[in-house]
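# Notes for the structure review
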Amino acid sequence: MPKGRALAVMLLACCLGAWVTPVAAADSTVMRVSPPLFGVFPYMSPASLATRHGPLRAWLAQELDAPVNLVTAPDFKTFARRTCQGDYVLTLTAPHLGRLAQRDCGQMVLAVTANRSAAVFVARRDAGLASLADLRGQTLHAPPELAIIHQLGIEALLQAGLDVDTELTIEVAQSHNSALLAVLQQGGVGLVGLPTWQDARRSGQDQLVEIFRTRDIPGFVLLGNPERLPAPRLAALSRDLLTLHAEPVGERYFQGSGLVRFMLPETGLLEALDPFADRAARALGGQ
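We now turn to the structure provided with this report. Just so we're clear, the structure is a prediction, and the values are computed from it rather than from any experiment.

Between helix H3 (residues 46-64) and helix H9 (residues 231-241), whose axes approach to 11 Å, the crossing angle comes to 130 degrees. The orientation of H3 with respect to H9, classified from their angle, is oblique. For the pair H3 and H9, the crossing hand works out as right-handed. Between H3 and H9, the residues in contact are Leu56, Trp59, Leu60, Glu63 and Leu64 and Arg233, Leu237, Asp240 and Leu241, respectively. Each residue belonging to the contact of H3 with H9 can be placed in one class, and the counts come to six nonpolar, no polar and three charged.

A few words now on the pattern of salt bridges. One pass over the full model with this rule turns up 11 salt bridges. Close ionic contact of aspartate 104 with arginine 103 constitutes a salt bridge, the shortest N to O distance being 2.8 Å. Judged by relative accessible area, arginine 103 falls into the partly exposed class, the value being 29%. Aspartate 216 is paired through a salt bridge with arginine 116; the nearest N and O atoms lie 3.3 Å apart. Taken as a pair, aspartate 216 in the loop between strand S10 (208-213) and strand S11 (217-218) and arginine 116 in strand S5 (residues 116-117) lie far apart in primary sequence, 100 residues in all. Residue aspartate 216 is classed as partly exposed on the basis of its relative accessible area of 42%. You can call arginine 116 partly exposed: its relative accessible area is 37%.

Quick look at the sheet that holds strand S2 (residues 69-71) now. The strands that make up a sheet are held in pairs by hydrogen bonds between backbone atoms, and each pair lies either parallel or antiparallel. The sheet built from six strands is open, its strands ordered S2-S1-S3-S12-S4-S13 with mixed pairing. Unpaired on one side and paired on the other, S2 and strand S13 (262-263) mark the two borders of the sheet. Strands in contact with H9 are strand S3 (90-93), strand S4 (108-113), strand S12 (221-224) and S13; relative to S4, the strand with the most contacts, it is inclined by about 10 degrees.

The next point concerns the packing of aromatic side chains. One pass over the structure, following the stated rule, counts seven aromatic pairs. Ring centres 5.6 Å apart and planes at 70 degrees place the aromatic pair phenylalanine 254 and phenylalanine 262 in the edge-to-face group. Using a relative accessible area of 1% as the deciding quantity, one classes phenylalanine 262 as buried. Counting every residue linked through ring pairs, the aromatic cluster contains Phe41, Phe76, Phe79 and Tyr88. It is arginine 279 that lies over the ring of phenylalanine 276; its NZ or CZ is 5.1 Å from the centre.

Procedures and definitions
- Residues numbered from 1 in each chain as written.
- Predicted model: local features only at pLDDT ≥ 70, side-chain atom pairs only at ≥ 80, totals over all residues.
- Heavy atoms only, no water.
- Axes fitted to C-alpha atoms, helices over the stretch in contact; angles between N-to-C directions.
- Helix = DSSP H or I, 4+ residues; strand = E, 2+ residues; numbered from the N terminus.
- Parallel < 35°, antiparallel > 145°, perpendicular 65-115°, else oblique.
- Left-handed = near helix turned anticlockwise from the far one by under 90°.
- Contact = heavy atoms within 4.5 Å.
- Nonpolar A, V, L, I, M, F, W, Y, C, P; charged D, E, K, R; others polar.
- Salt bridge = Lys/Arg side-chain N within 4 Å of Asp/Glu carboxyl O.
- Buried < 20%, exposed > 50% of the residue type's maximum accessible area, 1.4 Å probe, protein only.
- Pairing = 2+ DSSP bridges.
- Phe/Tyr/Trp six-rings, centres within 6.5 Å; stacked < 30°, edge-to-face > 60°.
- Lys NZ or Arg CZ within 6 Å of the ring centre and 35° of its normal.

Here it is, written out as structure tokens:
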């Protein structure tokens, strides 16, 4: 890797505020100069992502016998572009963006999380909202349009007979957690992913109630960059991910992240997300 790009990669990790100190010494000059970047989709704040996915980063560092830096991006669009540009060696991302990176950007799918997700509409308990029909005239706090949760939410509203252009006000939040916070502080309705909603319920957010839940979708996708790691090493990593949940570090990781074990995607699982991947590609200006 050219020295200029190596420096830029290291600066990127620091500037995003989600850098995590390496725990293993690299066994090659390349990895010592430029530790592999583990990119995590910015569905939460950088600090929260580092806490929740830190155990996975540590496990990856051990598996690769090299330091691994956990990074994110300031927004969904930047993250998706960096993924497709190959900026990350390993990437944990939303399912439709994982499919896009696999299909159009040459990234390798190592595993998917076994949990299913969905888009969940939530509101303050004292708002008196009980169904999608009650959302007329409300402000909807939603993640960016690039998010599959945003797309699922709009789909559900249209199927319920609401005109999203005239009967609701959509306020775009930076992340799923930001959407929940906006509901608590400003009222209205939040649109978030199921893992975020489950985490809020576990943390005691009983002032919020679920109004509606959409059809489910796959969980997160873990990608490997074949231009940065050789295919045999990625294949070995993919194999080892399948038993991570049985290790102590894996138990801590899945319990802390609210996710479920890694598995190989069944045939057609990610291909079914092509309509969402196509919308994402258009939002990104094509790949």
